[in-house]
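Structure assessment
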Amino acid sequence: MVKYCGYLLNESWLHQRALDMGYPPAKTPEDSHDILSFVSRNVMAITGVLSYARVRRIKTPKGKYFWCIALACDDPFTAGERLSTHAPSEASYKALKEALGKDGPPHWYRAI
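Here is what the cut-offs are and how they apply
Position labels on residues start from 1 in each chain and follow its written sequence. Totals for whole chains, interfaces and linings use all residues, but because this is a predicted model, local features are given only for residues with pLDDT of at least 70 and pairs of side-chain atoms are given and counted only at 80 or more. The basis for every side-chain value is the complete set of heavy atoms in the structure, and neither hydrogens nor water enter the calculation. A run of H or I in DSSP becomes a helix once it reaches four residues, and a run of E becomes a strand once it reaches two; helices and strands are each numbered from the N terminus. The atom set for the radius of gyration is the C-alpha atoms, and the globule formula is 2.2 Å times the number of residues raised to the power 0.38. Each residue is assigned to one of three classes by its accessible area relative to the maximum for its type, calculated with a 1.4 Å probe on protein chains only: buried under 20%, partly exposed between the two thresholds, exposed over 50%. Between two residues, a contact is recorded if the distance between any of their heavy atoms is within 4.5 Å. Note on areas: Shrake-Rupley, 1.4 Å probe, and residue coverage restricted to the protein chains presented here. In this count, Lys and Arg are taken as positive residues and Asp and Glu as negative ones, while His and the chain termini are left out. Charge positions are represented by NZ for Lys, CZ for Arg, CG for Asp and CD for Glu. When a carboxyl oxygen of Asp or Glu lies within 4 Å of a side-chain nitrogen of Lys or Arg, that pair is called a salt bridge. Expected span of a helix, by definition, is 1.5 Å for each gap between consecutive residues, and there is one gap fewer than residues. To be clear, the arc concerns the directions from the helix axis to the C-beta atoms. A pair of strands counts as paired when DSSP detects no fewer than two bridges linking them.

Looking only at helices and strands, one finds three helices and four strands in the chain. In the chain, the succession of helices and strands from N to C terminus is β-α-α-β-β-α-β. Here the chain has a C-alpha radius of gyration of 14 Å; the compact-globule value for 112 residues is 13 Å, and the two agree. If one aligns the C-alpha atoms of the chain with their principal axes, the spans along those axes are about 40 × 30 × 25 Å. Sorting the 112 residues of the chain into buried and exposed places 34% on the buried side. Partitioning the contacts of the chain with sequence separation of at least 6, the portion at a separation of at least 24 is 62%. Per element, the accessible surface of the chain, about 6600 Å² overall, is 54% carbon and sulfur. Charge centroids of the chain, computed over 15 positive and 11 negative side chains, lie 4 Å from each other.

Here it is as structure tokens:
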């Protein structure tokens, strides 16, 4: 079972951030996917993690599904991930943590 270390992205936060950036409201599932792509890439670029982070779908221990900005993956053989196999240092995720309004370090979550 592959696990990712990262921060969860709340759907309502993504949509509000898109609106704040001038992106039109989502009306279709395709619009929601576009918002996910646009906002997550924008946040990763602004915070300096775009080159080594990926957006992945995960499942929490409580069984809920979320999108996650993954900074590490516990499986070095997962094709195409190019993610570290170790949790990142605080210096590398501090700006992302602040942009997302999160407390504490990123957590490990099960991939789906």
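A separate point is the pattern of salt bridges. A full pass over the atoms with the stated rule returns one salt bridge. Residue E90 is joined to K97 by a salt bridge in which the shortest nitrogen-to-oxygen separation is 3.7 Å.

As a further point, take helix α2 (residues 29–46). A rise of 1.5 Å per residue sets the reference length of α2, with its 18 residues, at 26 Å; its end C-alpha atoms lie 26 Å apart and thus fit the reference within 8%. Three or more residues of α2 are buried, namely I35, L36, V39, S40, V43 and M44. Down the axis of α2, the buried side of the element spans an arc of 140°, and every buried residue falls inside it. The exposed set on the far side of α2, more than 90 degrees from its buried face, consists of E30, R41 and I46. Those residues of α2 hidden inside the fold are in contact with β1 (3–9), α1 (11–20), β2 (54–59), β3 (65–73) and α3 (90–100). At the C-terminal side of α2, G48 shows a positive phi close to 80°.

This part is about the side chain of T60. Structurally, T60 can be placed in the loop between β2 and β3. On the basis of relative accessibility, which here comes to 13%, the residue T60 falls in the buried class. Not counting residues up to four positions away in its chain, the partners in contact with T60 are L8, F66 and Y109.

A separate point is the pairing of β3. As defined by bridge partners, β1 adjoins β3 across six bridges and the pair is classed as antiparallel. Bridged to G6 within β3 is A70. Pairing of β2 with β3 involves six bridges; the strand directions are antiparallel. Within β3, the residue paired with R56 across the bridge is C68.

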